[in-house]
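# Notes for the structure review
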Amino acid sequence: MDKEHLYVLAPALTLLFLSGLLLLCWVFQRQQRFLLWQCCAYALTALPFAFQSTASTEMLYRYAAISCTLYLLGGWFLAKCWAEHWRVPTQTRVSLAIALVTLISAIYYSNNLLARVHISSAGIGLIMLLPVLSALRHRHSPDWLDKVLLTSALIYSVITITRPMIITVLGHSEFEKFANSVYWFASAMSTLFFAIFFTVLMAAIAIRATIRQLRNERDQDSLTQILNRRAFYELARCRLEDKRLLPMAILAGDIDHFKRINDTWGHSRGDEVLKLISATLQRNVRGFDLVARFGGEEFVMLLTRIDLAEAEQVAQRIRLELRSDHSVLPKNATLTMSFGVAPIENAKQLESALKEADDLLYAAKHAGRDQVHVSGNNYQNIDFEHTMPNPGVSASHI
């Protein structure tokens, strides 16, 4: 291959290289499917790019419809890549309508290269613009990487639509030697610049998503998707450093007779109970509060900007919600939970508050279960064994 052919094929070869790179990234990060769609977009765009870089004018006219189709597919896959990342509709029907109008118009003006260039650029740009407009309407993530992607996608879509018009206005509308025209050079350079830019940007977004996923797996309980013990301690210390969130309270909760639930209805039903309780706890907290599963059937909550009386109300509300919920256990069984509530008035009280709340929790267990014990109050202590359900009686109270 001589230097001239290598020069004109450089944009297509670069796109194919980037496509292979994205495919390799997707192989190692299968959950980031937008990488695969971006790979398809580059591969489909590279094919007509390579053909038009070396074809004669006669060949350009003959295979114009095929080239236009491949470009439209490349634009649609790039739009699909963005839409999947932003989690907005791909608007496939609208894209298909735009593609059909573009193809019909391109075939109608098959003998007018300049008209075909304007038509195909407008069609491709409009298809790419669809998910961008959807993301703008949905006021997508404030994350800076997403903002950069949204802004650059908008710019690229608009450039794709207006590029032929700009070149024509500047007086460069001669397309006889297509691969050597100003339009072709401008198209190749802008396409390569944005292709490289989007590759780096989407790779960074994919890496960030993987890191977040690994962090979530490290910090979250796999069953209930709430914080585990380690993550709770880490985040609680951060909360305690912010004096504006004081006073705080610790709620320690434990499911009553959880072993009996597992023994009576099976461990799968027990898992559903754990999920139900996790969801109930999360519904009753605010933005800076924390909810964690400390292991087994024990849960801990850190409530911010709250006094003991208000914290007790939260615990009682949760307790009553669980008693009235029969979505998991049979209607003749009542799901109950015991709580201990302790205050936190300064950053050094986390460990002591956790211990106090735990002691109050087990005092509530000894006092008969299905209760909330709060720091500073005196409660009657009942022999723990007397609170066990009678094995000879059907479980109506769990």
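Located above this text is the structure these notes cover.
Summary of the structure given here. Bear in mind that the values here come from a model prediction, so they are computed numbers and not experimental data. (Residues numbered from 1 in each chain as written. Predicted model: local features only at pLDDT ≥ 70, side-chain atom pairs only at ≥ 80, totals over all residues. Heavy atoms only, no water.)

Turning to helix α9 (residues 229-240), a few remarks are in order. Look at α9: 16 Å from first C-alpha to last across twelve residues, which is about the 16 Å you get at 1.5 Å a residue. Buried positions along α9 lie against α8 (182-219), β1 (248-255), β2 (290-295), β3 (298-303), β4 (337-344) and α13 (350-366). (Helix = DSSP H or I, 4+ residues; strand = E, 2+ residues; numbered from the N terminus. Expected span 1.5 Å × (residues − 1). Contact = heavy atoms within 4.5 Å.)

Another point: helix α6 (residues 113-137). Its 25 residues give α6 an end-to-end C-alpha distance of 36 Å, which sits within 8% of 36 Å, the value for a rise of 1.5 Å per residue. Along α6, the sharpest kink reaches roughly 30°, centred on Leu-129 and followed within four residues by the proline Pro-131. Summarising burial for α6: 18 of the 25 residues are buried, a large majority. (Bend = angle between axes of the 7 residues up to and from the residue. Buried < 20%, exposed > 50% of the residue type's maximum accessible area, 1.4 Å probe, protein only.)

With that out of the way, let us pick up the nonpolar core. The nonpolar side chains of soluble globular proteins are, as a tendency, buried together. Core analysis: the biggest nonpolar cluster contains 52 residues, and Tyr-42, Trp-82, Trp-86 and Leu-149 have the highest contact counts within it. For this core, the secondary structure elements donating two or more residues are α1 (3-28), α2 (34-54), α4 (64-86), α5 (92-108), α6, α7 (144-169) and α8. For Tyr-42, the contacting residues outside a window of four places in its chain are Leu-15, Leu-18, Ser-19, Leu-22, Phe-194, Ala-195, Phe-198 and Thr-199. Counting 30 residues, the second-largest nonpolar core is a separate cluster that includes Val-291, Phe-299, Ala-311 and Leu-322. (Core = buried A, V, L, I, M, F, W, Y, C linked by side-chain atoms within 4.5 Å.)

We now examine the pattern of salt bridges. Applying the stated rule across the entire model yields 19 salt bridges. A salt bridge links Arg-237 to Glu-351; the shortest N-O distance between them is 3.9 Å. Pair noted here: Arg-237 is in helix α9 and Glu-351 is in helix α13, with a separation of 114 residues, a long-range link. According to the relative accessible area criterion, Arg-237 is partly exposed, its value standing at 45%. On the accessibility criterion, Glu-351 (44% relative accessible area) is partly exposed. The residue Glu-321 makes a salt bridge to Arg-283 at a minimum N-O spacing of 3.2 Å. Within this pair, whereas Glu-321 is found in helix α12 (residues 308-324), its partner Arg-283 is found in helix α11 (residues 267-283), the two being separated by 38 residues in sequence. Within the structure, one salt-bridge network assembled from shared partners comprises Asp-143, Asp-146, Arg-208 and Arg-212. (Salt bridge = Lys/Arg side-chain N within 4 Å of Asp/Glu carboxyl O.)

Bringing the pairing of β1 into the picture now. In terms of burial, β1 is largely enclosed, as eight of its eight residues are buried. The side-chain alternation of β1 yields two buried faces, one formed by Met-248, Ile-250, Ala-252 and Asp-254 and the other by Ala-249, Leu-251, Gly-253 and Ile-255. Bridging between β1 and β4 involves eight bridges; their strand directions are antiparallel. By the bridge assignment, Ile-250 is partnered in β4 with Ala-342. Inspection of the sheet shows β1 paired to β3 by six bridges, in the antiparallel sense. Bridging from a neighbouring strand, Ala-249 pairs with Leu-303 of β3. (Pairing = 2+ DSSP bridges.)

Turning next to the side chain of Gln-52. Along the chain, Gln-52 falls in helix α2. Among the polar contacts made by the side chain of Gln-52, one reaches the side chain of Tyr-71 at a distance of 2.8 Å. (Polar contact = N/O pair within 3.5 Å; in protein donor to acceptor, adjacent residues only side chain to side chain.)

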